[in-house]
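Coordinate analysis (summary)
For reference, the chains in residue letters:
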Amino acid sequence: MIDRFDPAAADARWQARWAEAGSFTADSASSKPKTFVLEMFPYPSGRIHMGHVRNYTMGDVLARFRRMQGFEVLHPMGWDAFGMPAENAAMEKGVHPGGWTRANIATMRDQLKRLGFALDWSRELATCEPDYYGHEQALFLDLMEAGLVYRKESEVNWDPVDATVLANEQVIDGRGWRSGALVERRKLNQWFLKITDFAEELIDGLGTLDQWPDKVRLMQENWIGRSQGLKFSFALADPAAAGMSQIDVFTTRPDTIFGASFVAVSAGHPIAQGVALGHGGARKFIDECRTGGTTAAEIETAEKRGFDTGLEVIHPLDPTRRLPVWIANFVLMDYGTGALFGVPAHDARDFEFATKYDLPIRRVVIPQGGDPEASVDEPESGYGVAVHSDFLDGLSSEEAIDEVIRRAEAGGWGTGTIQYRLRDWGVSRQRYWGTPIPVVHCAGCGPVGVPRDQLPIILPEDVSFDVPGNPLDRHPTWRDVPCPSCGAAARRETDTLDTFVNSSWYFIRFASQPKDQPFDRAEAEQWLPVAQYIGGVEHAILHLLYARFWTRALNRIGKIGMTEPFKGLFTQGMVTHETYKSLDGRWLGPDEVADGAGGTMTELATGTAAIRGRIEKMSKSKKNVVDPEPIVDRYGADAVRWFMLSDSPPERDLEWSEASIEGAARFVQRVWRLVGSVGTNEGSDPAIDKRLARTISAVGAAIDGLAFNKAIAAVYELVGALEKAKPSASRDDAIAKLVRLISPMAPHLAEESWALLGHGGLVSDAAWPTFNPALLVDDEVTIAVQVNGKLRDTITIARGMDRDAVEALALASDKVIRAMDGAAPRKVIVVPDRLVNIVA
Ligand code: ANZ
Ligand code: ZN
């Protein structure tokens, strides 16, 4: 035996052995029970970071454990390879997005391989390759034929200086990220997927996902946002002047209807458009509403502004009251009816608006026992009791809501409805590096789906990024094609699909990848749904919702049997690290500072003091990133994996520390030395037998519950006990089983140890060790010994020990003898397995 385990030699050797043996290739035809373990696939940004290492190590432990339990495991890896950063690199460095992306994939694939993950590389896929996105185009056409895709005018962020559409992330404080120009909103025809058709089932389906974190289900529920409410119309006082007879509104608070002091419509509402025709001021206001980003957050936080149209509506429950009609910037065109009634006393936006424009503020809800006449200093949006509300007075908010809906329906002026906050999914991106939308626009036929035998529509390689905008728009040989339907000169759609489309079905393609179709249903269903999905909580809403929708859409059109793609979901915590700053506030990297005397820090470049900052998520901007590669070079894959699993529960943040990784590396050597100490010893050690049984049970249960830190802790305990134990057959057996126990976490060390113990095959193929459950029964108890009711000592006895023996042990205790101070016991009470009380 070599006295040190040498990862520099062993890691690569075992990785090569696994690859040769095809150990982790998933066989769809296998008769074993199947399971699918998946981690969210990475964006190929350049290099693997610690977050990836943690995420993939967790998935790997589970995948290896399931294999040892006898499952046929699918554990694949691929690349979410389309998206903006590749185009940014193209603009900044003059490289082609494809070349940049593929080079990054090559680097990152090598980095992942060095960590020894049990991945089925034969199923690797990259979403930027035609053999992936071509099938996506086919699925898009399927959804189009099923009526789940449509085109609609919709607003985008427009940068007037760069003359280009900006993604929401490219709008920073209302300005274009490159030009700094104030962003405008522009209307463009864009493609939408009808996710709203699925709003109700997407909410209801959450109820079946009992292996998802509650917080993720709640976030999805809030995002879909089901509101029960009332849709009703206000009659216009002067229909001729307005050019229409009524304004429809949606409200979730019909109980506040007597507190209405105005009606507001969005800038895109027909009323607003009509008023603008005859009024320059209105036109100007509507134009101003176009500036600023299109995100809900920006609209929400922007200053509330409005324009009084001069029109009035009649209050449906009090015809003597008239309400003014305003155009307001906080009313969204595509929610509800694009119009609302404002109740300043009970809604924050309405309050801000009414205060600014001096509109009446009327309290119509009070808390139980509140004062109806108290002035309104701030809006109160909670439920309570109706006041100043005619026939509703005294009703609770819930009762009042029901009552108004009842009257509206009886009177024929409104209906109770359910409204969802979820919008249809706009998938058009005016970008090059994405899946081309398989449609041709013909002047005569309109948009025509590309015939399937012409798929894939491949992105042209010869594009340049020296001018802003989408290069597909100015690529005549790619763009100009005959209409597939009538043959007339036509144009390809130059928008590409949102990258969230790419990640909405990659797990299905992992499960089955025939050449001629997106997937084979029967084969895919062998593996799906994903038994355990692991990834960052930042994807809790969009990615998971889109993937759920896409699966349901495929289910609806009969392409797949399941409705939910991910049975179990786990969201892991982040990897964090200390930050450092110079005295003048510059972020400093760990290699730019040194520890000084007495806990102080010095900036190496200047020799001046530096400050230890907060512990934060590793990020380039804060310069606290630790690159995994040199760490793997130095300590080996197993130490890195071990560290990633220890110290912190997997759902919590894990702080990177040099001391911990060194501890993990030392532990690897401790296990190696134990393995080297195995001999042909005789004799059993019951304590070790029991300890081993307990450890096997605990490690298995911990991995099963993804409590990896607990699995590690259990292994530590066993190793500590084995180091102290005397040589015996029990000890040798325990060390042999320990090798299998650590193999999901530290697979290279385990293989090397397995070989050292004389096995021919791979420990990765070995079965998970079993144990005798009888050994788990705890047969000792520690009980209290009292003298005259006072606790004097505790003794450990065999469970069920007979009374006389317990009494004798108790009376023999030194502490008891001292407490009795020579007195004879008058009576001894023994409560079996609980306590002894001696009455002196
Ligand atoms: C009157 C009212 C009184 C409202 C009150 C709220 C509080 P959720 O719950 O998110 O569904 N609203 C309706 N259409 C809108 C639009 N197009 N743009 C912006 N806001 C709109 O929101 C429903 C509430 O948002 C509705 O209930 C309406 O204001 C407003 F004390 O009506 B409410
Ligand atoms: Zn045509």
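For the structure itself, consult the block above.
In this report, the structure presented in the accompanying data block is examined.

Reading the values: rules and limits
Every chain's residues receive numbers from 1 upward, in the order its sequence appears when written. By the order in which they are written, chains take letters starting at A while ligands take numbers starting at 1. Only residues with pLDDT of 70 or above have their local features reported here, since the model is predicted, and side-chain atom pairs are shown and tallied only from 80 upward, although totals for entire chains, interfaces and linings are computed over all residues. Water and hydrogen atoms play no part in the side-chain values, which are based on all heavy atoms of the structure. Note on exposure labels: buried denotes an accessible area under 20% of the residue type's maximum, exposed denotes more than 50%, and partly exposed covers the range between, all computed with a 1.4 Å probe on protein chains only. Helix and strand definitions follow DSSP, with helices as H or I runs of at least four residues and strands as E runs of at least two, each counted in order from the N terminus. The arc in question is traced by the directions running from the helix axis to the C-beta atoms. The contact definition used throughout considers only heavy atoms, calling two residues in contact when any of these lie within 4.5 Å. Salt bridge, as used here, is a side-chain nitrogen of Lys or Arg placed within 4 Å of a carboxyl oxygen of Asp or Glu. The donor definition counts N, O and S atoms within 2.8 Å of each metal and applies 3.2 Å to Na, K and Ca; water is not among these atoms, so some sites may look incomplete. Under this scheme a four-donor centre is tetrahedral when all angles range from 85 to 135 degrees, a four-donor centre is square planar and a six-donor centre octahedral when opposite donors are above 155 degrees with the rest from 65 to 115, and any other centre is irregular. Any residue with a heavy atom lying within 4 Å of a molecule or strand is counted as near it. We define a polar contact as two N or O atoms separated by no more than 3.5 Å, with the added condition that, inside protein, one atom must be a possible hydrogen donor and the other a possible acceptor, whereas residues neighbouring each other in sequence contribute only through side-chain atom pairs. Throughout, the Shrake-Rupley method with a 1.4 Å probe supplies accessible areas, and for residues the shown protein chains are the sole cover considered. Three residue categories are used. Nonpolar comprises Ala, Val, Leu, Ile, Met, Phe, Trp, Tyr, Cys and Pro, charged comprises Asp, Glu, Lys and Arg, and polar comprises the others, including Gly. The criterion for strand pairing is that DSSP finds at least two bridges linking the strands in question.

When we look at burial in helix 6 (residues 199-206), the residues that qualify are A199, L202, I203, G205 and L206. Within helix 6, the buried residues cover an arc of 165 degrees as seen down the axis, which keeps them to one side. On its buried face, helix 6 is in contact with helix 7 (214-224), strand 10 (226-236), strand 18 (414-420) and helix 18 (542-556).

On to the pattern of salt bridges, then. This structure, assessed with the given rule, holds 49 salt bridges. The shortest N-O distance in the salt bridge between R479 and D480 comes to 3.0 Å. Between R548 and E564 there is a salt bridge, with the nearest N and O atoms lying 2.8 Å from each other. Here the residue R548 occupies a position in helix 18, and E564 occupies one in the loop between helix 18 and strand 28 (566-572), the gap between them amounting to 16 residues. Through salt bridges that share partners, D197, E201, R548, R552, R556 and E564 make up one connected network.

The protein atoms that coordinate the zinc ion (ligand 2) are C442 (SG), C445 (SG), C483 (SG) and C486 (SG), at distances spanning 2.2 to 2.4 Å. Coordination geometry of the zinc ion (ligand 2): the four donor atoms subtend angles of 106 to 113 degrees at the metal centre, consistent with an arrangement described as tetrahedral. All donor residues of the zinc ion (ligand 2) come from one chain, and their arrangement in sequence is C-x2-C-x37-C-x2-C. Linking C442 in strand 22 (residues 439-442) with C483 in the loop between strand 24 (480-482) and strand 25 (489-492), this pair joins segments that are 41 residues apart in sequence.

Attention now moves to the site of ligand 1. Contacts to ligand 1 come from 18 residues, most closely from S227, T251, L332, Y335 and H346. Between R349 and ligand 1, the recorded distance is 3.4 Å, taken from a side-chain N or O atom to an oxygen atom. Protein chains bury 87% of the 640 Å² of accessible surface belonging to ligand 1 in isolation. Counting residues per element, the ones that place at least two in the shell around ligand 1 are strand 11 (246-251) and strand 15 (339-342). A class-by-class count of the residues in the shell around ligand 1 yields nine nonpolar, six polar and three charged.

By definition, the strands of a sheet pair up through backbone hydrogen bonds, in either a parallel or an antiparallel sense. Spatially, the three strands line up as an open sheet ordered 20-26-21, and their pairing is antiparallel. Unpaired on one side and paired on the other, strand 20 (428-429) and strand 21 (435-436) mark the two borders of the sheet. Across two bridges, the pairing between strand 20 and strand 26 (residues 496-497) is antiparallel. For R429, the partnering residue across the bridge sits in strand 26 and is T496.

If a strand is regular, its side chains alternate between the two faces of the sheet. Here strand 12 (residues 262-265) shows two buried faces, one formed by F262 and A264 and the other by V263 and V265. When strand 12 meets strand 15, the two strands line up antiparallel, connected through four bridges. Note on strand 15: the bridge partner recorded for V265 is A339. With three bridges connecting them, strand 12 and strand 14 (residues 318-328) associate as parallel partners.

You can see Q526 is positioned in helix 17 (residues 521-527). Residue class for Q526 comes out partly exposed when judged on its relative accessible area of 40%. In the structure, Q526 is positioned 498 residues away from S28 in sequence and 6.9 Å away in space, judged by C-alpha atoms. Aside from chain neighbours lying at most four places away, what touches Q526 is S28 and K34. Polar contacts involving the side chain of Q526 include one to the side chain of K34, which spans 2.6 Å.

Excluding glycine, residues mostly have negative phi values, and the peptide bonds linking residues are mostly trans. Geometrically, the link from L455 to P456 is a cis peptide bond, its omega value of -5 degrees lying close to zero. For P456, the position within the fold is in the loop between strand 23 (446-449) and helix 14 (476-479). That bond from L528 to P529 is cis: its omega, 0 degrees, falls within 30 degrees of zero. Within the secondary structure, P529 sits in the loop between helix 17 and strand 27 (530-536). Backbone geometry at D390 places phi at a positive 55 degrees, although glycine is not the residue there. Within the fold, D390 resides in the loop between strand 17 (385-386) and helix 13 (397-411). Of note in this structure, N788 is not a glycine but carries a positive phi near 50 degrees.

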